[in-house]
Amino acid sequence: MSDSLLGAGRPPDVPPWEDGETLVAADLGSTDQPLEAVIVGAGFGGIGMAAALLRRGVRDFVVLEKGGEVGGCWRDNSYPGAACDVPSHLYAFSFEPKWDWSRRYAPQSEILAYLKHCARKYGVTRHLRLRTEVVAATWEEMLRLWRVDVLRDGRHEQVHTRLLITATGQLSRPSIPSLPGIERFRGRSFHSARWDHSWPLLGKSVAVVGTGASAVQFVPHVAELASRLTVFQRTPHHVVARPDRPYRAWEQALFRTCPPAQALTRAYWYAAHELRALGFTRWPGLLDLLAGRAARRHLARQVTDPALHDKLIPEHAPGCKRILLSNDYYPSLARSNVELVIDEIAAVTEDGIRTEDGRLHRVDTLIYGTGFVATDFLAPMRITGLGGVELTAWWRDQGARAYLGLSVPRFPNLFMLYGPNTNLGHSSIVYMLESQIAHVMRCHRAMRHANASGVEVIPECFERYNERLQRQIRRTVWNTGCASWYLDAAGRNTVNWPGFTFQYRWQTGRRGLQAYRMIP
Ligand code: NAP
């Protein structure tokens, strides 16, 4: 085991500190023992998992984070206008309510600050290893341990651990489209999740490719700065009004002094969002009646130019692609310095984008709001389980699958937070993560109780679970025929959870343990 990974020579009680707004990891003492757990990723999942281990008194673990600070997608997506589209009182850990959210839908900077606060308050920073990328993990049968290979400051190191818990998210790897000539562009180009803040957009001629959840948030801001903005839309999406507003001082005071009021607000948002699962997963017609009608009214009210209006009418069922929330996206498209182009992109040239109709749209800045590679779970990490089976290769044939999104046969003691089929169209992913974290802790407790070296999901339980899940997915709105990032190359939905979040919580509860066998 590498001493340097564990941080030899520094006392374990060095307090976490801040370097400006950037958290810096303190070191652990050195040890020759394998770790109890390695957590990969320091976003919501990684921080929540680490806090749960610490609450249970487990201290011999590290959180390996390839970035320079905590925050996951809330660190990476710093584009102007970035904000959550789930109400903040619900999009927060249940164990760390925050009474002073500035608005109903908090901006990115506030969510990032919240995550840093949680990492600090719960002692997670002490276990953090920043700029440390996990490249591979191999189950060593003789040792009954995971060997984890990491790159740290360009150096290769190894660490052994009993539990391997990945918390790498589904939306961490930007997807850059393979447009012909893309490498020839001579201006500045970047993806929305790698926003180039050193490149002022004032007076620039800008192209935006993509009109999804990220683009509708940053396009209005770019439109205000750019001299000219051309938005390239492949598919129109459903957009509904965003019921956002700042919290009033008296409301924040009430949340601070009367915690039940805050709990009630969270419960209200939880119930209101959970009802939507009926439309997404049972009766898509309901979504058309409610969200579809609201989106059509929103479009008609905000876009009065008939030509622009027609370009923005979606053809797919509402909810098949994510329903977007925005009050300023449509008005920004109607500005005189903005053009919405629906002709297909033929090629990127040195100085712009050429569309299929032969027009060259000259720009000096190209922004990709083209989403993420979501269905290649855990890639590019190479995870090798029992008998040398490699996880991503195994999944390539049959689509990514896991039991409860968390565990896979032949990969003992591997748990994936936010793994296959645990994304939501209707509510807060933080709620799902907390169900998963509790499940991992239950497995860990059961393992210790049985004095076992590990747990492995039973193949028959894994198969039965996935057959039922795919049957349920067939009747969801995501299977009504549109192309979306929820579907893999073979058209299988390996991303979304086809039910209520309380059903998932129930299944990840104590009864979920029956699907595992103990490894002596
Ligand atoms: P996205 O929803 O996948 O949207 C990507 C956009 O790029 C789509 O409009 C897509 O068109 C377009 N596109 C992709 N490849 C293209 C190509 N080759 N040529 C032309 N257009 C292309 O990505 P995103 O907007 O980054 O959002 C991803 C997810 O992140 C969301 O669904 C949501 O879950 C999450 N998110 C959440 C928030 C939040 O508030 N919590 C905010 C932002 C993002 P098509 O529709 O035709 O494929």
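This structure is a prediction, so every number in the text was calculated from the model and none was measured.

### What about the sheet that holds strand E15 (residues 345–349)?
Taken together, the three strands give an open sheet; going across it, the order is E15-E16-E17, and neighbouring strands pair in antiparallel fashion. The sheet terminates laterally at E15 and strand E17 (360–362), the two strands that pair on one side only. Each strand of the sheet is rotated relative to its neighbour by a mean of 20 degrees, with strand direction disregarded.

### Section: a nonpolar patch on the surface
The grouping of Trp283, Leu286, Leu289 and Leu290 at the surface amounts to a nonpolar patch, some 420 Å² of accessible area in total. Residue position: Leu289 is located in helix H8 (residues 284–302).

### Focus on unusual backbone geometry
The omega angle of the peptide bond from Ala379 to Pro380 is 5 degrees, so this bond is cis rather than trans. Here Pro380 lies in the loop between strand E18 (365–368) and strand E19 (382–384). Despite not being glycine, Arg144 shows a phi value in the positive range, around 55 degrees. Position of Arg144 relative to the elements: it lies in the loop between strand E6 (132–140) and strand E7 (145–152). According to the relative accessible area criterion, Arg144 is partly exposed, its value standing at 25%. We note that Leu404 has phi near 60 degrees; this positive angle belongs to a residue other than glycine.

### Some points on the confidence of the model for the protein
Looking at the protein as a whole, its pLDDT mean stands at 93, while 94% of the residues score no less than 70. Long-range and interchain partners of residues 1–31, a stretch whose pLDDT sits below 50, account for 87 contacts in this model, where long-range means more than four residues apart.

### Focus on the side chain of Glu96
With respect to the helices, strands and loops of the structure, Glu96 is situated in the loop between helix H3 (73–76) and helix H4 (108–121). Only 2.5 Å separates the side chain of Glu96 from the side chain of Tyr122, close enough to count as a polar contact. Other than its neighbours up to four places away in sequence, Glu96 contacts Tyr114, His117, Cys118, Lys121 and Tyr122.

### Structural notes on helix H11 (residues 391–398)
Where H11 is concerned, the buried positions are Leu391, Thr392, Trp394 and Trp395. An end-on view of H11 places all buried positions within 155 degrees of arc, on one side of the element. In H11, the exposed positions angled more than 90 degrees off the buried face are occupied by Arg396 and Asp397. On its buried face, H11 sits against E19, strand E20 (414–416) and helix H13 (459–474).

### Description of the packing of aromatic side chains
Counted under the stated rule, the structure contains 26 aromatic pairs. Aromatic side chains Phe93 and Phe95 sit 4.7 Å apart centroid to centroid with 20 degrees between the ring planes, which places their arrangement in the stacked category. Classification of Phe93 by relative accessible area gives buried; the value is 1%. Centre to centre, the rings of Tyr403 and Tyr516 are 5.8 Å apart; their planes meet at 75 degrees, and the pair counts as edge-to-face. Linking Tyr403 in the loop between H11 and E20 with Tyr516 in strand E22 (residues 516–519), this pair joins segments that are 113 residues apart in sequence. The two residues Tyr403 and Tyr516 agree in class, both being buried. Taken together, the aromatic side chains of Phe44, Trp74, Tyr91, Phe93, Phe95, Trp101, Tyr114 and Tyr122 make up a single cluster linked through ring pairs. Taking the ring centre of Tyr431 as reference, the NZ or CZ of Arg505 above it sits at 3.8 Å.

Parameters and conventions
- Residues numbered from 1 in each chain as written.
- Predicted model: local features only at pLDDT ≥ 70, side-chain atom pairs only at ≥ 80, totals over all residues.
- Heavy atoms only, no water.
- Pairing = 2+ DSSP bridges.
- Helix = DSSP H or I, 4+ residues; strand = E, 2+ residues; numbered from the N terminus.
- Axes fitted to C-alpha atoms, helices over the stretch in contact; angles between N-to-C directions.
- Patch = residues over 30% accessible without salt bridge, like charges linked within 9 Å, V, L, I, M, F, W, Y side chains within 5 Å.
- Areas by Shrake-Rupley, 256 points an atom, 1.4 Å probe, with all protein chains shown as cover.
- Salt bridge = Lys/Arg side-chain N within 4 Å of Asp/Glu carboxyl O.
- Buried < 20%, exposed > 50% of the residue type's maximum accessible area, 1.4 Å probe, protein only.
- pLDDT = per-residue confidence, 0-100.
- Contact = heavy atoms within 4.5 Å.
- Polar contact = N/O pair within 3.5 Å; in protein donor to acceptor, adjacent residues only side chain to side chain.
- Arc of directions from axis to C-beta.
- Phe/Tyr/Trp six-rings, centres within 6.5 Å; stacked < 30°, edge-to-face > 60°.
- Lys NZ or Arg CZ within 6 Å of the ring centre and 35° of its normal.

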